[in-house]
Amino acid sequence: MESFQFETSFGRALGMAHTAMFRHLAKLMKEKNLPITPEQFSVLTHLWRNDGLPQSELAVCTNRNRANVTRIIDILEREGIVVRKDDPNDRRVFRIYLTDLGKKLKNEAAKCAQKSIEDSLDGVSENDRTVALSVFKKIVDNVT
C-alpha cells in the first residue's frame, strides 16, 4: 500500500480551491471598500435572509463554533453593521439584527460574491459544475 501523499490528495485540492476563492472574494470586497470579510459575509448572508436570528442559530447555519461566531459578531457590532438585542422570551438568548449599514452592504457584497464565483468557474463546463456540486454534496453526506 502506498503511503498517503498530502500534496496530491483530494482534501488538499479541495482546501486549496476553497482558500483561493476565499482570498479572491476578500480582494473583490477590498476593491469595493466594503468593511467586511468573507467570513463576516457568510454570517451576514443568513441575516439578510432572516434578520434577528439567535446567535446560536447563526453558529449552526454557518457551520462554525459558537466562539467563532461570537468573535465575528463582536467585530460586526463594533463596525456598526449589526446589533445584539435580548430575546424578549428568553433572557439567555441574544438575537442579532442588521443596522441600516448592514442592510446597505447586501447588494454590493452579493455582487462581489457572484463575481468571485464567476471568476472561479471560468472555463468550467456546466456538466463539470454539476458533477462537482454532486461530489461536494456526497462528501458532506458521508461525513455528517
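Per an unreviewed UniProt entry, the protein goes by MarR family transcriptional regulator and derives from Runella rosea.

(A) Structural context of the nonpolar core. Counting 25 residues, the largest nonpolar core has Ile36, Leu44, Leu47 and Val82 as its most contacted members. At five residues, helix H2 (residues 38-49) tops the list of elements feeding residues into this core. Not counting residues up to four positions away in its chain, the partners in contact with Leu44 are Ile36, Leu76, Ile81, Val82 and Leu98.

(B) Broad picture of the side chain of Arg84. Mapped onto the secondary structure, Arg84 falls in strand E2 (residues 82-87). A relative accessible area of 19% means that Arg84 is categorised as buried. Side-chain polar atoms of Arg84 contact the side chain of Gln55, separated by 3.1 Å. A polar side-chain atom of Arg84 sits 2.7 Å from a polar atom in the side chain of Asp74.

(C) The pattern of salt bridges, seen in detail. A full pass over the atoms with the stated rule returns 12 salt bridges. Its salt-bridge partner being Lys27, residue Glu31 comes within 3.7 Å of it at the nearest N-O pair. Highlighted residues: Glu31 and Lys27, both in helix H1 (residues 10-31), separated by four residues, approximately one helical turn. Classification of Glu31 as exposed rests on a relative accessible area of 52%. Here Lys27 falls in the partly exposed class, since its relative accessible area comes to 44%. Between Lys32 and Glu108 there is a salt bridge, with the nearest N and O atoms lying 4.0 Å from each other.

The rules behind each value
Residues numbered from 1 in each chain as written. Predicted model: local features only at pLDDT ≥ 70, side-chain atom pairs only at ≥ 80, totals over all residues. Heavy atoms only, no water. Core = buried A, V, L, I, M, F, W, Y, C linked by side-chain atoms within 4.5 Å. Buried < 20%, exposed > 50% of the residue type's maximum accessible area, 1.4 Å probe, protein only. Helix = DSSP H or I, 4+ residues; strand = E, 2+ residues; numbered from the N terminus. Contact = heavy atoms within 4.5 Å. Polar contact = N/O pair within 3.5 Å; in protein donor to acceptor, adjacent residues only side chain to side chain. Salt bridge = Lys/Arg side-chain N within 4 Å of Asp/Glu carboxyl O.

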